[in-house]
Amino acid sequence: MHICVFLSAADLGERYTRPAREFAELLGKGGHTLVWGGSDSGLMKVVADGVRASGGRLVGISVELLREHAREDTDELVITENLAERKALLLSRSEAIVVLAGGLGTLDEATEVLELRKHGLHRKPVVLLNTEGFYDGLILQLRRMEDEGFLPLPLTDLVHIAADGAAVFAHLEESAASDHRPPGTPGP
Ligand SMILES: CC(C)=CCNc1ncnc2c1ncn2[C@@H]1O[C@H](COP(=O)(O)O)[C@@H](O)[C@H]1O
C-alpha cells in the first residue's frame, strides 16, 4: 500500500522519535511505500530512515522551494512547482493517509485531506496517530464540532484515532478488507 505520512520537519526528542521509528518499521516490514514530503529533516527523516532500513520504498513529493533539502536515496522523487500542487499529489499518489505529530505544516495538510473527505472527494482512510496524547486538544475540538452540529457526518467516518503504530495498521487493513467486500456484505 502507498501510505502518505504527514509529520513534523523539526528535530524532536525521544518521546516523539521512538513512536515514529516504531511506525516506520511496521510500514517498511509490511512491504508498504512511504509517500511523504521528501525532506531529510526532523521526524520526516526519522520515518524515512526507518522505512528504508526495514525494506520499504520511499516516494518523495517535494516542492521547488525545498528542492535543496530533498532526500537523495528515494526510489522516486517528484518536485512540484508549488505547495498546493504538492498537497494534491501527496493525496493522489496514496491509498491512505497517516498523520503523526507535527506543527502547522502537518495541521494544514491534515485539515485539507479531512475537508476533501468531508465533501466526498476521496474515500481514503485518514488516521491520526495520537502519540503521547499530542492530539488530545485537536480531538477535543473535533468532538465539540461533532457534538454541536458543525460536522455533516460522524467524526468516526472522517478520521480514525490510533494510539500506536500497530493500531494504525490494524485500521488500514480493516479498511482495505471492507473496500474489497461486495456491496451489502456485512462488515467484520
Ligand atoms: C530548512 C528545511 C530543512 C526545510 C525542510 N522543510 C520541509 N521539507 C519538506 N516538507 C515540509 C517542510 N516543512 C514542512 N513540510 C511539509 O509540512 C509538514 C511538516 O510541517 P511542520 O513541521 O509540521 O510544520 C510535512 O508533512 C511536509 O509535507
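Above: the structure in question.
Note that this is a predicted model, so its numbers are computed, not measured. (Residues numbered from 1 in each chain as written. Predicted model: local features only at pLDDT ≥ 70, side-chain atom pairs only at ≥ 80, totals over all residues.)

Peer 1: Quick one: what's the story with the pairing of strand β1 (residues 2-6), residue by residue and with numbers?
Peer 2: In terms of burial, β1 is a largely internal element, four of the five residues being buried. Strand direction decides the pairing type here: β1 and strand β2 (residues 33-36), joined by three bridges, are parallel. Of the residues in β2, the one forming a bridge with Ile3 is Leu34. Each parallel crossover has a hand, and the one from β1 via helix α1 (residues 14-29) to β2 is right-handed. Pairing of β1 with strand β5 (residues 96-99), which is carried by four bridges, proceeds in the parallel orientation. Each residue of the ladder has a partner; that of Cys4, found in β5, is Ile97. (Buried ≥ 20, exposed ≤ 12 C-beta atoms within 10 Å, placed from the backbone. Helix = DSSP H or I, 4+ residues; strand = E, 2+ residues; numbered from the N terminus. Pairing = 2+ DSSP bridges. Right-handed = clockwise from strand over helix to strand, strands pointing away.)

Peer 1: So what about the site of the ligand? Which residues, and what values?
Peer 2: Around the ligand, the surrounding shell holds 16 residues, and the nearest of these are Gly37, Ser39, Gly102, Gly103 and Gly105. Broken down by element, the residue count for the shell around the ligand peaks at four residues, all from helix α4 (residues 104-118). A per-class count over the shell around the ligand returns six nonpolar, nine polar and one charged. (Near = placed C-beta within 6 Å. Nonpolar A, V, L, I, M, F, W, Y, C, P; charged D, E, K, R; others polar.)

Peer 1: Tell me about the sheet that holds β5, residues and numbers included.
Peer 2: Read from one edge to the other, the open sheet built from seven strands follows the order β4-β3-β2-β1-β5-β6-β7, with strand pairing classed as parallel. The open sheet has two free edges, formed respectively by β4 (76-80) and β7 (160-162), since each of these has just one partner strand. Mean inter-strand twist for the sheet, computed between neighbouring axes without regard to direction, equals 25°. With four bridges connecting them, β2 and strand β3 (residues 57-63) associate as parallel partners. Looking at β3, one finds that Trp36 is bridged to Gly60. Lying over the sheet, helix α2 (residues 42-53) contacts β1, β2 and β3, oriented at roughly 160° with respect to β2. (Axes fitted to C-alpha atoms, helices over the stretch in contact; angles between N-to-C directions. Contact = placed C-beta atoms within 7 Å.)

Peer 1: I'd like a description of unusual backbone geometry, backed by residues and values.
Peer 2: Note: most peptide bonds trans; most residues except glycine with negative phi. Despite not being glycine, Glu132 has its phi angle at roughly 55°, a positive value. Taking the C-beta count within 10 Å as the criterion, Glu132 has 12 such neighbours and is therefore assigned exposed.

Peer 1: Kindly report on the environment of Ile3, identifying the contributing residues and their values.
Peer 2: Locating Ile3 in the fold gives a position in strand β1. Between the C-alpha atom of Ile3 and that of Leu27, which follows or precedes it by 24 residues, the distance is 8.4 Å. Once residues lying within four places of it in the same chain are set aside, the contact partners of Ile3 are Leu27, His32, Thr33, Leu34, Val35, Ser94, Ala96 and Val98.

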